[in-house]
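Per-entry structural report
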Amino acid sequence: MKISGTFLDEITHDIPSANWGPEEWAADFDAMQKIGIDTVIVIRGGYKDRSTFNSEALKSFQPMLPVYTDLVQVFLDQAQRCGMKLFFGLYDSGLHWQKGDYEKEAEINKFFSEEVTQKYGQHPAFQGWYLSHEMSVYDSKLIRIYEELTGHLRSLKNLPVLMSPYVKGRKQFEDPITPQEHYKQWDTILGNLSSKVDIVAFQDGQVDFYELPEIMSINKELADKHGLQAWSNVETFERGMPINFLPINWQNLRYKMEVAKNAGVEKLITFEFSHFMSPNSIYRSAHNLYKRYREWLDLGSF
Amino acid sequence: MKISGTFLDEITHDIPSANWGPEEWAADFDAMQKIGIDTVIVIRGGYKDRSTFNSEALKSFQPMLPVYTDLVQVFLDQAQRCGMKLFFGLYDSGLHWQKGDYEKEAEINKFFSEEVTQKYGQHPAFQGWYLSHEMSVYDSKLIRIYEELTGHLRSLKNLPVLMSPYVKGRKQFEDPITPQEHYKQWDTILGNLSSKVDIVAFQDGQVDFYELPEIMSINKELADKHGLQAWSNVETFERGMPINFLPINWQNLRYKMEVAKNAGVEKLITFEFSHFMSPNSIYRSAHNLYKRYREWLDLGSF
Amino acid sequence: MKISGTFLDEITHDIPSANWGPEEWAADFDAMQKIGIDTVIVIRGGYKDRSTFNSEALKSFQPMLPVYTDLVQVFLDQAQRCGMKLFFGLYDSGLHWQKGDYEKEAEINKFFSEEVTQKYGQHPAFQGWYLSHEMSVYDSKLIRIYEELTGHLRSLKNLPVLMSPYVKGRKQFEDPITPQEHYKQWDTILGNLSSKVDIVAFQDGQVDFYELPEIMSINKELADKHGLQAWSNVETFERGMPINFLPINWQNLRYKMEVAKNAGVEKLITFEFSHFMSPNSIYRSAHNLYKRYREWLDLGSF
């Protein structure tokens, strides 16, 4: 069971830009293809005042920074060239929903997704939607936004809808959730989102390694119960270190992949290839991670 | 309008050393020259117990670490070789002025600048002074130090005097200044420093992108009003990220250069080339930034 | 006087993994050998749920992550190939001793060191023990653990025992220790550990540069008084910077080596070569540090 999907982290939010142009992105899609990646997920189409293309929809709500390269076009073309499916992530205002104004966040995203569909909807690589707002516990307002948006997205272009929640785990939170409470929360959430969201890919990095098997089994059980596909977001960056964020230790990555396989998930995706496990990464330990991963895949050296 | 000046960040203070020797510095001056840099500014001649050369003046005030390479000589020789002007930045005790003892800070710098003039004053590349103590709002004592030092510096060697203040902006401060208050503060400050300081190059990184046009217009207006040249310090590192500090996203750099051009500033300098946009940088994203910048300059690939 | 020993920082704890496999480790041992390193010290055989080999002893106390490469075997074989001595560092639970349960920490380490002796004790490169629990001031319980463990280790395999304490210096602590108090504390500690520990290699990075000569003289004087060998742990990473941890400025490293030489220590080791001064490091400034260091050693360029 190998990693066959990756997020594309533009707009970068807390990860530094590699300053790649179309040429460097093309080289990285080649590197992805070599290890069997068939799915790419744009983490968010826009964030605050930044966007992946010059969006008139977003500009109608707030001033936006100019965009000099249409990254959505670059990513779609590369995905097509490499035979990959692209999931498009929505806009995150970093503002309205944090202040409780979910209606505004939904409204902006309706306009935004309409523009995206109009501009890129006919592209053959456009194969899915990604809900970029992340959840960890039940939140009635965020659930409502998910419900409203998924209906709207399907009406625009009826494609699989992916979400990638995080676990309120002890590596990130001082009051971590118990497995029992995690089960309860997500039983309710997925009950609400059943038939609206198609795929749930929990992040695997917030939980301590020894707790991961139990949490992943819960995630898989609940996805099955509510009729969603269960993928795992096998994070390729290390958590809990002084430098946020650098490539993960290969040993830890391999362990997490094995736990995911044992839990029976259907697909492994990662946040994310280009910074943390690419031979083109700005981080040299990522080059070595790619080597270790390819040795493990038995693809030979290169 | 391109970046034609850069700080040289030795003594490094909060940026890691690249451990370059004279050979690596020479290669980096070549890279600077290729994109049209004609001005280099030594950020500070000394900081706390470290200095750019073995300064007897500084040693007479406090114990100093030994210096094994005379960086001032290296920088002056490289600047001359590449046809660049060097501005020399003063000593920052990191101690006296923070404790309110501005007299001491001025006294040390008078001795220090005398020694610097004696040792390096005849070098043809020595073409300016840089006031390394940074200001963001009116500070009567720091103004007095500026007044005393600029008079002294001109008496030693009558060269242009540069300052590079920061804006108390929301990217760095929890109680950011309003544009109105920024205008008021700097109207007073530049009124005081008129005919003492020749050039003011505000840092552009503390302000949110959407506020930058307004703040830069104020900066230019005030410089004109008080008879100073207005340059812009277009920072090439990213602010507001978990890792402090890494190369900026090319999109953000280009945006800030365009804002500066629209505000009518006379020259763009940056903090700083060697770590954040050099093809020789210890950071790989800087190599890509140099590529993006050269593509934009239409200098062709390399 | 050159650096002739280095820690091997696996299990990495707060330093990111380079993701090296046996091939990359072999190349790094070559680089070590070129500058005269004859001693390697495994910083810890295990830490929390991670270990350098699949330890049955540790698994009998708590769940451990699987280990896919036997690093102890890799390190011992490389050390032998390069004619180096290896000191083996003990297990740090990161739990029991912090909670005051020193008995538990000692008990685990007794089992662990027995297993280590059985598995690797006959390897010709296995030439010393390293006490991985670090001390800075007198701690009666930690002293007892040292006493118990050193006796046990010697009964298993009678080899030199090394410790590398830290100084409660102002670069890391808000209430730094005075030199007088440091003398008093370590006079007592080394009095207790005399004839139990053979070598003491104080870390040199917590102390401000100007205080280092005094502190190092104290360290040497006390080691002599109590019959221990005095080495110095010349840290090759920079302290007190926003990014923890990156390679040190060559100037600072050279200064610290000179202070150690003046204090009369018998050997210089470092934490650590592979991340911070290796030509194979994931950090490019380390490559330059290696160059500077070799120039200084007069080994010529390469």
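Rules used in this analysis
- Every chain is numbered independently, its residues counted from 1 as its sequence is written.
- Each chain gets a letter, beginning with A, and each ligand a number, beginning with 1, in the order they are written.
- In keeping with the model being predicted, local features are shown solely for residues with a pLDDT of at least 70 and side-chain atom pairs are shown and tallied solely at 80 or more, while totals for entire chains, interfaces and linings include all residues.
- Excluded from the side-chain calculations are hydrogens and water; all other atoms, namely the structure's heavy atoms, are used.
- Put simply, DSSP marks the helices as runs of H or I at least four residues long and the strands as runs of E at least two long, and each gets a number from the N terminus on.
- Atoms counted for the radius of gyration: C-alpha only. Globule rule: 2.2 Å times the number of residues to the power 0.38.
- Throughout this description, buried means an accessible area under 20% of the type-specific maximum (1.4 Å probe, protein chains only), exposed means over 50%, and partly exposed covers the range between.
- Note on definitions: a residue-residue contact is assigned when non-hydrogen atoms from the two residues lie within 4.5 Å.
- Accessibility throughout is a Shrake-Rupley quantity obtained with a 1.4 Å probe, and a residue counts as covered only by protein chains that appear here.
- Just so you know, the count uses Lys and Arg for positive and Asp and Glu for negative, and it drops His and the chain ends.
- All charge positions are set by atom: Lys at NZ, Arg at CZ, Asp at CG, Glu at CD.
- Only buried residues count toward a nonpolar core, which is a set of Ala, Val, Leu, Ile, Met, Phe, Trp, Tyr and Cys residues joined through side-chain atoms within 4.5 Å.
- We place the copies in one frame by least squares, fitting the C-alpha atoms of every residue whose pLDDT is at least 70 in both.
- Buried area is understood as the total, over both parts, of accessible area removed when two parts are fitted together, assessed with a 1.4 Å probe.
- Whenever a carboxyl oxygen of Asp or Glu lies within 4 Å of a side-chain nitrogen of Lys or Arg, that contact is scored as a salt bridge.
- The term polar contact refers here to a pair of N or O atoms within 3.5 Å; inside protein, the definition further demands a hydrogen-donor-capable atom paired with an acceptor-capable atom, and it admits residues adjacent in sequence only when both atoms are side-chain atoms.
- Under the scheme applied, nonpolar residues are Ala, Val, Leu, Ile, Met, Phe, Trp, Tyr, Cys and Pro; charged residues are Asp, Glu, Lys and Arg; polar residues are all the others, including Gly.
- How sure the predictor is of each residue is captured by pLDDT, a score from 0 to 100.
- In this analysis an axis means a line fitted to C-alpha atoms, helices contributing only their contacting stretch, and an angle means the value between N-to-C directions, from 0 to 180 degrees.
- The labels follow the angle: roughly parallel below 35 degrees, roughly antiparallel above 145, roughly perpendicular from 65 to 115, and oblique for the rest.
- Should the near helix be turned anticlockwise from the far one by less than a right angle, the crossing is termed left-handed; should it be turned clockwise, right-handed.

Along its length, chain A carries ten helices and eleven strands. A globule of 302 residues ought to have a C-alpha radius of gyration of about 19 Å, and chain A, at 18 Å, matches this closely. The dimensions of chain A, computed from C-alpha atoms along their principal axes, are 50 × 45 × 35 Å. Residues counted as buried form 62% of the 302 residues belonging to chain A. Long-range pairs, those at least 24 residues apart, make up 77% of the contacts in chain A with a sequence separation of at least 6. Surface summary for chain A: the accessible area is close to 11000 Å², and the carbon and sulfur share equals 46%. Across chain A, the mean location of the 32 positive side-chain charges is 2 Å away from that of the 41 negative side-chain charges.

Right, let's get into the nonpolar core. By size, the foremost hydrophobic cluster in this structure holds 313 residues, and its most contacted members are F29(A), F29(B) and F29(C). Setting aside its immediate chain neighbours within four residues, F29(C) contacts L8(C), V40(C), F75(C), Q78(C), A79(C), R81(C), C82(C) and M84(C).

So, on to the relation of the copies chain B and chain A. These two copies of the chain differ by a rotation about an axis and a displacement along the same axis. Of the two same-sequence chains, chain B is brought onto chain A (RMSD 0.0 Å, axial shift 0.0 Å) by a rotation of 120°. Those values place the two copies in the arrangement expected of a three-fold rotation axis. Residues of chain B ranked by C-alpha distance from the rotation axis are headed by I243(B), positioned 3.9 Å from it. Different-surface contact between copies: only 5% of interface residues of chain B are shared with the interface of chain A.

With that settled, the discussion passes to the interface of chain A and chain C. How big an interface is tends to be stated in terms of the accessible area lost upon association of its parts. The interface of chain A with chain C comprises 19 residues on the first partner and 26 residues on the second. Buried area between chain A and chain C, summed over both chains or domains, comes out near 1900 Å², and the portion from carbon and sulfur atoms is 53%. On the chain A side of the interface with chain C, the three residues burying the most area are I243(A), Q251(A) and R284(A), jointly 28% of the side's total. The closest approach of N and O atoms between R292(A) and E24(C), which form a salt bridge, is 3.2 Å. Where chain A packs against chain C, one counts nine residue pairs in polar contact (both at pLDDT 80 or more). Elements that contribute at least two residues to the side of chain A that touches chain C include exactly α8 (250-263) and α10 (284-297) of chain A. Taken together, the residues of the side of chain A that touches chain C break down into nine nonpolar, five polar and five charged.

The next thing to look at is the confidence of the model for chain A. Per-residue pLDDT for chain A has a mean of 96; in total, 99% of the residues score no lower than 70. Across the interface, the model reports ipTM at 0.96; the global pTM reads 0.97.

Going through the model one piece at a time under the given rule, you end up with 58 salt bridges over all chains. Here E103(A) makes a salt bridge to R144(A), at a shortest N to O gap of 3.9 Å. Residue E103(A) is found in helix α4 (residues 102-120), and its partner R144(A) is found in helix α5 (residues 140-156); the two are separated by 41 residues along the sequence. By sharing partners, the salt bridges in this structure join E24(A), K291(B), R292(B) and E295(B) into a single network.

Residues and elements named next belong to chain B. Helix α5 (residues 140-156) packs onto helix α4 (residues 102-120) with a crossing angle of 20° between their chain directions and a minimal axis gap of 10 Å. Judged on the interaxial angle alone, α5 and α4 are roughly parallel. In this structure, the crossing between α4 and α5 has a hand that is right-handed. Contacts between α4 and α5 involve Y102, E103, E105, A106, N109, K110, S113, E114 and T117 from the first element and K141, L142, R144, I145, E148, L149, H152, L153 and L156 from the second. Looking at the contact of α4 with α5 residue by residue, the class counts come to seven nonpolar, four polar and seven charged.

A separate point is the packing of helix α1 (residues 22-34) of chain B against helix α3 (residues 71-81) of chain B. Residue and element names in this part refer to chain B. Between α1 and α3, the shortest axis-to-axis distance is 10 Å and the interhelical angle comes to 35°. For the pair α1 and α3, the sense of crossing is right-handed. Judged by residue contacts, P22, W25, A26, F29 and D30 of α1 engage L71, V74, F75, Q78, A79 and R81 from α3. Residues of the contact of α1 with α3, tallied by class, amount to eight nonpolar, one polar and two charged.

For the rest of this paragraph, the subject is the interface of chain B and chain A. Residue-level contacts link 19 residues of chain B with 26 residues of chain A. Note on chain B versus chain A: buried area summed over both sides is about 1900 Å², and carbon and sulfur give 53% of it. Linking chain B with chain A are two salt bridges. With its nearest N and O atoms 3.2 Å apart, the salt bridge here joins K291(B) to E24(A). On inspection of chain B and its partner chain A, the count reaches nine residue pairs in polar contact (both at pLDDT 80 or more). Counting only elements with at least two residues in the side of chain B that touches chain A, the list comes to α8 (250-263) and α10 (284-297) of chain B. Class assignment of the residues belonging to the side of chain B that touches chain A gives a composition of nine nonpolar, five polar and five charged.

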